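Residue strings, one per chain:
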Number of protein chains: 2
Amino acid sequence: MIDREMALETRDRIIEAADLLFYQHGFEATSFADIASAVGISRGNFYHHFKTKDDILDSVINRRLANTEQMLDRWEVTGSDPAERIRSFIHILIVNGEKIRKFGCPVGTLSSELAKLNHAAKSDAAALFTLFRSWLRRQFDRLGFGDRSDELAMHILGRSQGVAILANAFDDDGFLHHEVDLMCAWLDDQIAGLTTTNNSIRE
Amino acid sequence: MIDREMALETRDRIIEAADLLFYQHGFEATSFADIASAVGISRGNFYHHFKTKDDILDSVINRRLANTEQMLDRWEVTGSDPAERIRSFIHILIVNGEKIRKFGCPVGTLSSELAKLNHAAKSDAAALFTLFRSWLRRQFDRLGFGDRSDELAMHILGRSQGVAILANAFDDDGFLHHEVDLMCAWLDDQIAGLTTTNNSIRE
DNA sequence: CTAGATATAGGACGATTGTCCTAATGCAGG
DNA sequence: CCTGCATTAGGACAATCGTCCTATATCTAG
């Protein structure tokens, strides 16, 4: 019983360290030796917890899926207004601004890397995007956007990704903040346009 | 004389093959053996043309810089209208749609990878972004956007990057086309708003 | 206290990495 | 034809990769 907990503890520490290293240096560039020295255990000891390096990747992705789901659920409970929840999503860019400028978005960069490696776990990484996508779609749907909810969700998901890429490439905090403001303004425009019955404003 | 041309020919073939492989599989994941077999030469023969793998990366980036500059210059000559030139940029997403869905944007993915590797050439890769950024800023400036030209350039640069990331993650061609349409509509709105002296439209 | 399962450390393994060396080849100018 | 330079092929090199094996340590159950 107790050793089971110990084992899980070590296993979780491995996953946690691998999660961070995969984010900071990429999956391919992170070796077993790197993870081992980060956790403080022996290299050969890995295979009592994971059969292969891909198994660690799977566990890392599952950990990210669980953490993300938990975060989104929290937002769904606390934030009363769907629009405010969407704004919470947009502001991840600012909250994690320092990390993003250094290492990019954890979701986008992993997805890109796995695509280039032709890795089997690419679809699992895409599931992380789907988590955000579905959550955003639900918020837009509650705001009354109906069939347009999914494309609106994809839109700000894409905007966020682009901001992360450029903020990382140029290490530009001002750009990041400005684009966050633009995204919030875009959201307000969408909501404002929702109550307007005719299209006279655009014409 | 002639052997010099031969040598350069081999050198260029190496750079060309490395360019493609770096794009399709990433810099780190591409080995000398991969490039050698792609070019059809011996592995040890590399070091008559390049001192190190990083040297190949530098040459690949310079090749991309030159090709990009050439493409942008061509657009600057042929396209009469700055707005039409910007639309040409936006439509890269569609022209290269198949490759982007498979491997992402060559500029963005390289920049992200080099950031994670803490690679010295990261700033060189960012220079590729700067090339597009300056060109776009010039087009917006000619349209009369003045001080706002740079942020508008960064905006559609970021939008393009985000679209590339998601189109790659979901392998979604419909999303790609829809977002291209949105970007063109956004451009039209910006230009339309430019001629309006007051802000009554937004109010 | 003992037996057995589990966790760990440390090293061996074949393969592959980037890098370097050397011998052979091809071709130019004298 | 010969000499010299540029180009090439092929392998050696140490380091590192992911993986696996085995002996030791740790801890629980009986």
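Rules and cut-offs
Residues numbered from 1 in each chain as written. Chains lettered and ligands numbered in written order. Predicted model: local features only at pLDDT ≥ 70, side-chain atom pairs only at ≥ 80, totals over all residues. Heavy atoms only, no water. Buried < 20%, exposed > 50% of the residue type's maximum accessible area, 1.4 Å probe, protein only. Helix = DSSP H or I, 4+ residues; strand = E, 2+ residues; numbered from the N terminus. Contact = heavy atoms within 4.5 Å. Buried area = accessible area lost by both parts, 1.4 Å probe. Salt bridge = Lys/Arg side-chain N within 4 Å of Asp/Glu carboxyl O. Polar contact = N/O pair within 3.5 Å; in protein donor to acceptor, adjacent residues only side chain to side chain. Nonpolar A, V, L, I, M, F, W, Y, C, P; charged D, E, K, R; others polar. Least-squares fit on C-alpha atoms with pLDDT ≥ 70 in both. Phe/Tyr/Trp six-rings, centres within 6.5 Å; stacked < 30°, edge-to-face > 60°. Lys NZ or Arg CZ within 6 Å of the ring centre and 35° of its normal. Core = buried A, V, L, I, M, F, W, Y, C linked by side-chain atoms within 4.5 Å. pLDDT = per-residue confidence, 0-100.

The next subject is helix 4 (residues 82-90) of chain B. The buried count for helix 4 of chain B comes to seven of nine residues, which makes it a mostly enclosed element. The inward-facing, buried residues of helix 4 of chain B contact helix 3 (53-78), helix 5 (92-95), helix 8 (122-143), helix 9 (149-170) and helix 10 (173-195) of chain B.

Residue and element names in this part refer to chain A. Along the chain, Arg 64 falls in helix 3 (residues 53-78). The exposure class assigned to Arg 64 is buried, which follows from its relative accessible area of 8%. Other than its neighbours up to four places away in sequence, Arg 64 contacts Asp 19, Phe 22, Tyr 23, Pro 106, Leu 110 and Leu 128.

Listed as interface residues are 41 residues of chain A and, on the opposing side, 41 residues of chain B. When residues of chain A are sorted by the area they lose upon contact with chain B, Lys 116, Ile 165 and Phe 170 of chain A head the list and together hold 21% of the total. For the pair chain A and chain B, the interface holds zero salt bridges. Our count for the contact surface shared by chain A and chain B stands at 12 residue pairs in polar contact (both at pLDDT 80 or more). Elements supplying a minimum of two residues to the side of chain A that touches chain B: helix 1 (2-25), helix 6 (97-103), helix 7 (106-116), helix 8 (122-143), helix 9 (149-170) and helix 10 (173-195) of chain A. With 13 residues, the single largest contributor to the side of chain A that touches chain B is helix 9 of chain A. Class assignment of the residues belonging to the side of chain A that touches chain B gives a composition of 17 nonpolar, 14 polar and 10 charged.

This part covers the relation of the copies chain A and chain B. Superposition record for chain A on chain B: RMSD 0.0 Å, screw rotation 180 degrees, translation along axis 0.0 Å. A rotation of that kind, with that shift, is consistent with a two-fold axis. For chain A, the minimum C-alpha distance to the rotation axis belongs to Gly 162 of chain A and amounts to 1.9 Å. The residues that chain A uses at the interface reappear at the interface of chain B in 100% of cases, marking a shared surface.

What follows is about the packing of aromatic side chains. One pass over the full model with this rule turns up 18 aromatic pairs over all chains. Plain terms: the ring middles of Tyr 23 of chain A and Phe 103 of chain A are 5.6 Å apart, the flat faces sit at 65 degrees to each other, and that makes the pair edge-to-face. On the criterion of sequence distance, the pair formed by Tyr 23 of chain A in helix 1 and Phe 103 of chain A in helix 6 is long-range, its members being 80 residues apart. Owing to a relative accessible area of 9%, Tyr 23 of chain A belongs among the buried residues under this scheme. Take Phe 103 of chain A: its relative accessible area is 18%, and that puts it in the buried class. The aromatic ring of Phe 27 of chain A is capped on one face by Lys 53 of chain A, whose charged end is 4.5 Å from the ring centroid. The lysine or arginine in question, Arg 133 of chain B, covers the ring of Phe 170 of chain A, its NZ or CZ lying 4.9 Å from the ring centre.

Next up on the list: the pattern of salt bridges. Within this structure, the stated rule accounts for 22 salt bridges over all chains. Of the charged contacts in the structure, one is a salt bridge between Arg 64 of chain A and Asp 19 of chain A, with a shortest N-O distance of 2.7 Å. In this pair, Arg 64 of chain A is assigned in helix 3 and Asp 19 of chain A in helix 1, connecting sequence segments 45 residues apart. In this pair, the class of Arg 64 of chain A matches that of Asp 19 of chain A, namely buried. We note a salt bridge from Asp 150 of chain B to Arg 137 of chain B, for which the minimum N-O separation is 3.2 Å. Residue Asp 150 of chain B is found in helix 9, and its partner Arg 137 of chain B is found in helix 8; the two are separated by 13 residues along the sequence. Judged by relative accessible area, which is 34%, Arg 137 of chain B ranks as partly exposed. A single network of salt bridges, built from pairs that share partners, joins Glu 76, Arg 85, Arg 138 and Arg 142 of chain A.

With that settled, the discussion passes to the nonpolar core. Among the nonpolar cores identified, the biggest contains 121 residues, and Ile 35, Phe 89 and Phe 140 of chain A together with Ile 35, Ile 56, Phe 89 and Phe 140 of chain B are the most heavily contacted of them. Counting residues per element, this core draws most heavily on helix 9 of chain A, at 12 residues. Those residues in contact with Phe 140 of chain A that lie beyond four places of it in its chain are Ile 86, Phe 145, Ser 149, Leu 152, Ala 153, Ile 156, Trp 186 and Leu 187 of chain A.

Turning our attention to the confidence of the model for chain A. Fine structural detail should not be taken from predicted coordinates in areas where pLDDT scores are low. All names here are of chain A. On average, chain A scores 92 in pLDDT, and the residues at 70 or more come to 92%. Predicted confidence for residues 1-5 stays below pLDDT 50, and this span has zero contacts to residues more than four positions away or in other chains. Segment residues 198-203: pLDDT under 50, and three contacts once partners within four positions in sequence are set aside and those in other chains are kept.

Residue and element names in this part refer to chain B. Even without being a glycine, Asn 118 presents a positive backbone phi close to 55 degrees. Mapping Asn 118 onto the fold places it in the loop between helix 7 (106-116) and helix 8. Using a relative accessible area of 70% as the deciding quantity, one classes Asn 118 as exposed. Positive phi is not limited to glycine here, since Asp 171 has a value of about 50 degrees. Locating Asp 171 in the fold gives a position in the loop between helix 9 and helix 10.

Before going further, it helps to examine the environment of Met 154 of chain B. All names here are of chain B. One can find Met 154 in helix 9. Residue classification places Met 154 among the buried residues on the basis of a relative accessible area of 2%. Distance from Met 154 to Gly 26, taken between C-alpha atoms, is 25 Å for residues 128 residues apart in sequence.

The subject of this paragraph is helix 4 (residues 82-90) of chain A. For helix 4 of chain A, every residue scored as buried is listed here: Pro 82, Ala 83, Arg 85, Ile 86, Arg 87, Phe 89 and Ile 90 of chain A. Those residues of helix 4 of chain A hidden inside the fold are in contact with helix 3, helix 5 (92-95), helix 8, helix 9 and helix 10 of chain A.

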